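Each chain, letter by letter, is given below.
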Amino acid sequence: MIENFLGGVAVVFQPVNLLILMSAVFIGFIGGALPGISGVILVVILLPVTYGMDATAAFMLLTAIYGSTVFSGLITAILYRAPGTPEAVMTSFDGYPMTQQGEAGKALGIGILSSAIGGLVGTVALIVFTPLLASVALQFSSPEYFALAVLGLTVVASLGGKLIYGLIGAALGLFIATVGIDPLTGTPRYTFGSLNLAEGVGLIPVIVGLFAISEVMKRASGTETQQPLTKVKVKIFDSAIMRKIALTLSRSSLLGVAIGILPGIGASTAAMVSYSEAVRWSKHPQDFGKGAPEGIAAPEAANNAAAMGALVPLFALGIPGSGTTAIILGAFIMHGLQPGPNFMMVSSDLIYAVFAGLFIVNFMILVFSKPFIKLFTKLLNTPYSVLGPIIVMCCIVGTYSVRNSMFDVWLMLGFGVLGFLLEKLRFPLVAIILGLVLGPIAESELRRSLAMSQGDMTIFLSRPISATLIGVAIALLSVSILIPLYKKYKEKRLYSANAD
Amino acid sequence: MSYRNYVFPSALLIFLLASFYPTMQLPGAGEVSTFIGPRLWPFTLWVILVVLVITLFSITRSREKRENANNEERFNQGSPCNKRGANVSILSAHEISHALARSKHWVILVLAVLYTVLMQLVGFLIATGVFSLVCTMVLGTRHKGAILATVLIAMGLIQGVFVTLLNIPLP
C-alpha cells in the first residue's frame, strides 16, 4: 500500500499534474465560495472537458475540485451567513456571529485549519480503508453486485426533500437507463428507430441539463442580490485557539470519516452530528450559536473528513456515498472505468495518484486559502449576469464536444427545463442520476443472478453478503419512512393533548 | 382541489401510459436466447413507477385534505388567515409584477436554443459572441466594460479550451 501511495505521489509531483491540482483547488475555491455554483455544478461543467484528458489527470482534477469546494463553502457561510455549499450550513451558526463581532478573520482561520485537518484525516482513512473494503468485496458475485446497486440506490433517502420524490427520481433514472441497445441480447429498447437513441441516453446531457442549465434558469428567475465582500485579515495558526479546538477537531474528524464511509449519509449530516456532539461535550454549551470557535471547527473538520470518507465506498464497491460522488461515478463510467473491487487491482496507479492528489490538495487548501481570500474578493463579487452566459456556453459546447452530437445538446436543454421544473417541487435531482448510473449494473447483475439460479429469486437472500446488503438497504429505507411517521404521530398526540 | 398539486403526478401518469405499449412490445424470455428477456427489467420498473405515482397521488390528496381542514379551522376561529385575505389583491398585483420580471429564465432558454441553431449556421465563434452579448444584457448587466469583458472571456474560453487545448472540432 505504501509503495503504491509513493508511486501516486510521484505521479502527482509531475509538473503537469501539480498544475492540474493547483488549478482544481483554485476552481474549487471560486466555485464553493460563489453561492449558486456548487461543487456538483463545477464537476458537471468540467465533465465534458475531462473527456479528452488522460484518466489519471481527469480524476485528480474532479476529486480535487470536489475536496476544495467542500472547504470553500465556509467563506460565504462565515461572511454572509449564506453557505456556499450545503455542507457549510452548520458553520454559519457560529461563524457569522464571529463576523458580526468583528472576528471574521479569526473565524475563517479556524474554518481553514479545521477543514484541512479534517480533510487529511479523511484522506488517510480513504487510503487505509479502500483496499481493505475492496479485498472483502473481491469475493462478490452477481447477486452481491445487484445487492450493492440496491444499497447504492438507498442514498435517495438522504438527499433531502420528500422520500417519495427520491424514489420516483431513482426509478425514473433506472427507466431512462434502459433506453438503447440491450447489452445482453442486442435488442433495441425505446429507440423508435433513432440511431442517436440506440447509443442510449448519455450521462453528460442528463447531468449537465439537470444541474447546470436548471441552475442558471433558477438564478435568472430569482431576485436575490449578493452583498459585496468586505476585506478581511485571515489568521490560521493561533496557538491559543488551536489548543482550544484540538479535542473537537480530533473527535469531529473521526466522526466525519465514520459517517462519510456509510453510503447515503453525506457530509452535511456529518457536519450536523458533529456540531451537536461538540455542544454535548462542551463545558460551555451556552456559547454555541454566539461565536464559539468549536462551533466552526466541529462541522468543518467533519464535513471535509466525510467528503473524503464518501469516496471509500465509491472506489471499493462502486457505490456513491453522496450526490457529488454519484456524478464522479458517472465520470468514471464515461471514461470506460468501473469502480468496484476489481478496480483496485486493474487501475491501482490511477487510484493511488488520486489518493496522493487529495492528500496534497489538503495542504494546498492550507497554503492557498489565505491569499485566495485576500486576492479574490473582487472576483467573488462577480455578478451572475456575467457568469450565467459563460456557464450556458460551456454546457452547450461541452456537451456537443463529447460525442460531436447536436442531439445530445437538444437532450441536455430538454433535461435543463425538466430539472428547472422539478427543482420547483424540491425534487432531489441527484436521484435521477443515481438511477441512471446504477441502472445498467443493477439490470445486468440481476439478469446474471437469475440465470445462475434458474429464475429463483431467493438467491439474493440465500447468500449471506447479498442478504446482509439488501437487509441494510431495507433498514435504511424503513428508517427514512418510519422516522417522519413517528414524528407526525407524536405531533398529533401533542396537538390533541393541548386541545383537551 | 388545487390542480397545481396534481400536475406532476398527472404528467408522470401520462408518461407511464405512453410508455406502456413500447414496454410490452419488447421481447420476453421466450423470444430471445437468454434466460431473462430484455422486457423484464423495464417492465418491473414500469410497475414500480406506477405504484410510486399512485402513492404520490394519495399523499398529495391526504396533504390537501389536511391543509383544507386546517384552513377551515383558522377561518372559523377568525385567525390572522382572515386578515390576510384583505391583502390578497394587493399581494397578487405585486406578485404579478414579480412574475413578469422573473420570466428571464425562459428568455435564457430561448437564447440557448438560438445559440445552438446559430452555431450550426455561422460557426461557434460568432454565435458565442452574439449569445454572450445578448445573454449578459438580458441577465441585467448594463456596464459596457463588463459586457465586453464577458464576450471576450467567453470567446477566448471556447476557442482556448475546447479548440486549441483539447482539439475538439466545433461547428
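These lines cover the structure that appears in this document, whether it is placed above or below. Position labels on residues start from 1 in each chain and follow its written sequence. In the order they appear in the text, chains get letters beginning with A and ligands get numbers beginning with 1. With pLDDT at 70 or above as the cut-off, local features in this predicted model cover only qualifying residues; side-chain atom pairs require 80 or more to be listed or tallied, and sums for whole chains, interfaces and linings still use all residues. Just so you know, side-chain values use all the structure's heavy atoms and leave hydrogens and water out.

Okay, empty space enclosed by the protein next. The rolling of a water-molecule-sized probe over the atoms marks out the regions of remaining empty space. As defined here, a cavity is a set of points on a 1 Å grid over the protein atoms alone where a 1.4 Å probe fits but cannot get out. A pocket is an open set with protein on both sides within 12 Å along at least five of seven lines, and residues line them when an atom is within 4 Å of a point. Grid points are joined across faces, edges and corners, and a volume is the space filled by probe spheres set on the points. One pass over the structure, following the stated rule, counts one cavity of 30 Å³ or more. Empty space within the largest cavity amounts to approximately 40 Å³. In terms of lining, the largest cavity is formed by I213, V216, M217, V392 and L413 of chain A together with I108, L109 and A112 of chain B. Of all the secondary-structure elements, those providing two or more residues to the lining of the largest cavity are helix 10 (203-221) of chain A together with helix 4 (104-122) of chain B. Across the lining of the largest cavity, the residue classes break down as eight nonpolar, no polar and no charged. Put simply, DSSP H or I for four residues or longer makes a helix, DSSP E for two residues or longer makes a strand, and each gets a number counted from the N terminus. The residue classification treats Ala, Val, Leu, Ile, Met, Phe, Trp, Tyr, Cys and Pro as nonpolar and Asp, Glu, Lys and Arg as charged. All others, Gly included, are polar.

Moving on, we come to unusual backbone geometry. All names here are of chain A. Its identity is not glycine, yet F192 carries a phi of approximately 50°, on the positive side. As for its placement among the helices and strands, F192 is situated in the loop between strand 2 (188-189) and helix 9 (195-198). Categorising residues by exposure relies on relative accessible area from a 1.4 Å probe, with only protein chains included: less than 20% of the type maximum marks a residue as buried, more than 50% marks it as exposed, and the intermediate range marks it as partly exposed. In this structure F192 comes out as exposed when scored by relative accessible area, which is 66%. For Q454, which is not glycine, the phi dihedral falls at a positive 55°.

Attention now goes to the pattern of salt bridges. By convention in these notes, a salt bridge is any Lys or Arg side-chain nitrogen within 4 Å of a carboxyl oxygen on Asp or Glu. Scanning the model with the defined rule gives 10 salt bridges over all chains in all. Note that R448 of chain A and E445 of chain A form a salt bridge whose closest N and O atoms lie 3.5 Å from each other. Highlighted residues: R448 of chain A and E445 of chain A, both in helix 21 (residues 430-452), separated by three residues, approximately one helical turn. A residue is classified by how much of its surface remains accessible, and E445 of chain A, at 13% relative accessible area, is buried. Of the charged contacts, one joins E64 of chain B and R61 of chain B as a salt bridge, the two residues approaching to 3.2 Å between their closest N and O atoms. In this pair, E64 of chain B and R61 of chain B are both assigned in helix 2 (residues 40-77), three residues apart and thus about one turn of the helix distant. A relative accessible area of 4% places E64 of chain B in the buried class. For R61 of chain B, a relative accessible area of 36% gives the class partly exposed. In this structure, a network of salt bridges that share partners links the residues D182, R189, E443 and R447 of chain A.

All names here are of chain A. Mapped onto the secondary structure, T123 falls in helix 6 (residues 104-137). The class of T123 is buried, set by a relative accessible area of 0%. Under this definition, polar contacts are N or O atom pairs within 3.5 Å; protein pairs additionally need one hydrogen-donor-capable and one acceptor-capable atom, and for neighbouring residues in sequence, both atoms have to be side-chain atoms. There is a polar contact of 2.6 Å between the side chain of T123 and the backbone oxygen of G119. One polar contact links T123 to N362, side chain to side chain, over a distance of 3.1 Å.

Turning our attention to the packing of helix 10 of chain A against helix 20 (residues 406-424) of chain A. Residue and element names in this part refer to chain A. At a minimum axis separation of 6 Å, helix 10 and helix 20 run at an interaxial angle of 55°. Considered as vectors, helix 10 and helix 20 are oriented oblique to each other. As helix 10 packs across helix 20, the resulting crossing turns out to be right-handed. In this structure, helix 10 uses P205, V206, V208, G209, L210, I213, S214, E215, M217, K218 and S221 to contact helix 20, whose residues at the interface are D408, L411, M412, L413, F415, G416, G419, F420 and E423. Residues belonging to the contact of helix 10 with helix 20 are distributed by class as follows: 11 nonpolar, five polar and four charged. Under this scheme, a helix contributes an axis fitted over its contacting stretch, all axes are lines through C-alpha atoms, and angles between N-to-C directions fall in the 0 to 180 degree range. Just so you know how the angles are binned, under 35 degrees is roughly parallel, over 145 roughly antiparallel, 65 to 115 roughly perpendicular, and the rest oblique. Crossing handedness is defined as follows: a turn of the near helix away from the far one that is anticlockwise and smaller than a right angle gives a left-handed crossing, while the clockwise case is right-handed. For this analysis, residues touch if any pair of their heavy atoms sits within 4.5 Å.

Residue and element names in this part refer to chain B. Ring geometry is summarised as follows: Phe, Tyr and Trp rings, the Trp one being its six-membered ring, pair when their centres sit within 6.5 Å, and such pairs are stacked at plane angles under 30 degrees, edge-to-face over 60 and tilted between the two. Inspection of every chain in the model, using the stated rule, returns 21 aromatic pairs over all chains. Taking 6.1 Å as the distance between ring centres and 20° as the angle between the ring planes, the aromatic pair formed by Y6 and F57 counts as stacked. Here Y6 is found in the segment before helix 1 (7-25), whereas its partner F57 is found in helix 2, with 51 residues between them in sequence. F57 sits in the partly exposed class, given a relative accessible area of 23%. An angle of 20° between the planes, with centres 4.8 Å apart, marks the rings of Y115 and F131 as stacked. Here Y115 is found in helix 4, whereas its partner F131 is found in helix 5 (residues 124-138), with 16 residues between them in sequence. By relative accessible area, F131 is classed as buried at 4%.

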